[in-house]
Structures are given as structure tokens and as C-alpha cells.
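Each chain, written out:
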Amino acid sequence: MKAVCRDLIVLSAFLMSSGQLSAEDVASLPLKRDGLQTFLSSSCEACHSKDSISGGLNLAAIGTDLVRDADRAVWVRVFDRVAAGEMPPRDADQPAAGERLRFLKDLKPQLEAGHAAQKGTVLRRLNRNEYQNTLNDLFGTQLNLAKLLPEDGRSHEFDNVGESLSVSMVQMQRYLEGIDSVMDVAIANTLEPPEVSTIHTSYAETSEGEKFIGSQWLKLDDGAVVFFVEAATPRAC
């Protein structure tokens, strides 16, 4: 039972706070095209549609989940080209300045929200100090577990950056040993202490004492018993 609890606790520490989730693991953030469609229809789709894929770009086929790097990267490129005045090209009919600004104003916050959602998906395992504090808080112990664990990787002088907190076989083994130590102490603290009895005795109170005290043993005034043993000292020949 102890081993099962130990493994579940360590596994939870890694699964709930480790790794990096892919875009499919987080909530999607679909592009809202309503405010963009007028500009796209009038200024872009003539050259970037299934009938005319200029530059290899088909606006109808672009993914619209802004959490996904691939989808967002294409829309960032569209934003940058429009903002720089490169699209529509100079030899094409140009949109009014207000239309261009409205398009950029509507697209920019969506791109920023998608980037913020994506970069927030980097989770991590507990570093050794956090692991120590968490277990001590859970079990009411005060063990120094950090010294038992390998040193954590650092990024920009911080030891709690998910990208630097890898998990090795040694790391996992030490985490298991740490929870073993905590559970041993926690279990011991919850058990009732055994009854303790103290027995005082001396040679004078044994049957041997009654036999030899006075003849071969000497009982002192403080109750101590002194006896001597004659033995030959071996000599080298």
C-alpha cells in the first residue's frame, strides 16, 4: 500500500507540472473573420484564393486556430505584409487608409491573444525545493529532501523554468527515495509510541552474585560489584 501511494504521489508531481503541451492539448482560439472579411474580399482574395494562388497563399485554406504555431504564423505574415503596404501590391487597387487600419486593428489583438495562449502552455515538474516544500506541507514533516535530489537545470539564472527541468532516470529514482523518507517519518508519527519500562539490576542481585560475593567478588558500599580474573599473558617464544 505504501509503495502504491508513493508512486501515485511522485507520478502526480510530474504529470501535473511537467512537459510541454502541444497546441492540440490546449483550448483552440479560432480566428474571428467577420471584421476581416470585407478587406480580404476586396483586397486579397482576387490573388489568394483557390482559383489564383499567388505566392502559394490560399486564404480560404489557411487554418484559423491562432493557438497553433503554423496557423498563426501565416496570419502574422498577412498582417506584416498589409502593415508594410506590400499587400495589396502597389500596381493593384489600393484600399482606403481607414480600411487598412481597421483590418490591422481587428487582426492584431487576435494574434496577440493566440501567442499569449500558446506560450502559456509550457508546464513543468516541481523543482527540488518545491518538491521538498510540497511533501513537507502534505505530510507534516520537516525533512531536507532538496539535498537528496540532483541539482535542477537553470535558465536565465532561474531553476523553475519548464524548458530546463528535464526528467532523467536518476531524477525519478531520487524523487521516489524522497517520498519513501517522508512516508516513513509520517507513518511513524501517526503510530502510538510503545510502552517503555525500565529495569535496574546488578550482579549483586543475580544468582551468581549470591554465590561469589564475599569469596571471589567484592560488593562496594554504592552497590557496585568488583571481580577479578586471573589470566596468563601470552608471550612470544
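My aim in this report is to walk through the structure given alongside it, one point at a time. (Residues numbered from 1 in each chain as written. Predicted model: local features only at pLDDT ≥ 70, side-chain atom pairs only at ≥ 80, totals over all residues. Heavy atoms only, no water.)

Moving on to the pattern of salt bridges. Enumeration according to the criterion identifies 4 salt bridges in this entry. Residue Arg81 pairs with Glu86 through a salt bridge whose shortest N-O separation is 3.5 Å. The exposure class of Arg81 is partly exposed, given its relative accessible area of 34%. For Asp152, the salt bridge identified is with Arg125, shortest N-O distance 3.1 Å. (Salt bridge = Lys/Arg side-chain N within 4 Å of Asp/Glu carboxyl O. Buried < 20%, exposed > 50% of the residue type's maximum accessible area, 1.4 Å probe, protein only.)

All right, on to the side chain of Arg100 then. With respect to the helices, strands and loops of the structure, Arg100 is situated in helix α4 (residues 97-119). One buried charged side chain, Arg100, makes no salt bridge at all; its nearest oppositely charged neighbour is Glu99, positioned 8.6 Å away. Residues within four places of Arg100 in sequence aside, it is in contact with Phe39, Val82, Gly85, Met87, Pro88, Gln94 and Pro95. (Helix = DSSP H or I, 4+ residues; strand = E, 2+ residues; numbered from the N terminus. Lys, Arg positive; Asp, Glu negative; His and termini not counted. Contact = heavy atoms within 4.5 Å.)

Tracing the backbone through its elements, the reader meets Asp71 in helix α3 (residues 69-83). The exposure class assigned to Asp71 is buried, which follows from its relative accessible area of 9%. Residues in contact with Asp71, not counting those within four places in the same chain, are Gly63, Thr64 and Asp65.

Mapped onto the elements, Gln37 comes out in helix α2 (residues 34-43). Given the relative accessible area of 26%, Gln37 is considered partly exposed. Separated by 66 residues in the primary sequence, Gln37 and Phe103 have C-alpha atoms spaced 8.8 Å apart.

Next up on the list: the packing of aromatic side chains. For any pair of aromatic rings, the description consists of the separation of the ring centres together with the inter-plane angle of the planes. Going through the model one piece at a time under the given rule, you end up with 2 aromatic pairs. With a centroid separation of 4.5 Å and an interplanar angle of 25°, the aromatic rings of Phe39 and Phe103 are classed as stacked. In this pair, Phe39 sits in helix α2 while Phe103 sits in helix α4, placing the two residues 64 residues apart along the sequence. For the residue pair Phe39 and Phe103, the accessibility class agrees, reading buried in each case. A centroid spacing of 4.1 Å and a plane angle of 35° characterise the contact between Tyr131 and Tyr175, whose relative ring orientation is tilted. One end of the pair, Tyr131, is in helix α5 (residues 128-139); the other, Tyr175, is in helix α6 (residues 169-190), and 44 residues separate them in sequence. When its relative accessible area of 1% is taken as the criterion, Tyr131 is described as buried. Looking at Tyr175, the relative accessible area reads 1%, which means it is buried. (Phe/Tyr/Trp six-rings, centres within 6.5 Å; stacked < 30°, edge-to-face > 60°.)

Helix packing for two helices is described by the angle between their axes and how far apart those axes are. Packing of α5 against α6 brings their axes to within 10 Å, and their N-to-C directions diverge by 25°. Judged on the interaxial angle alone, α6 and α5 are roughly parallel. The handedness of the crossing between α5 and α6 comes out as right-handed. Touching Arg128, Tyr131, Leu135 and Phe139 of α5 are Tyr175, Ile179, Val182, Met183 and Ala186, all from α6. Tallied by class, residues from the contact of α5 with α6 come to 8 nonpolar, no polar and 1 charged. (Axes fitted to C-alpha atoms, helices over the stretch in contact; angles between N-to-C directions. Parallel < 35°, antiparallel > 145°, perpendicular 65-115°, else oblique. Left-handed = near helix turned anticlockwise from the far one by under 90°. Nonpolar A, V, L, I, M, F, W, Y, C, P; charged D, E, K, R; others polar.)

We now examine the nonpolar core. In this structure, Leu40, Leu59, Trp75, Val78, Phe103 and Leu107 are the most contacted members of the largest nonpolar core, which totals 17 residues. Contributing elements (two or more residues each) for this core: α2, α3 and α4. Setting aside chain neighbours within four positions, we find Val78 in contact with Leu57, Leu59 and Phe103. If you look at the next biggest cluster of nonpolar residues, it comprises 9 residues, including Tyr131, Leu135, Val182 and Met183. (Core = buried A, V, L, I, M, F, W, Y, C linked by side-chain atoms within 4.5 Å.)

This paragraph deals with unusual backbone geometry. That bond from Met87 to Pro88 is cis: its omega, -5°, falls within 30 degrees of zero. Here Pro88 lies in the loop between α3 and α4. At His156, a residue that is not glycine, the phi angle is positive and equals roughly 55°. Structurally, His156 is set in the loop between α5 and α6.

Don't take any of this as a statement about function, it's just geometry.
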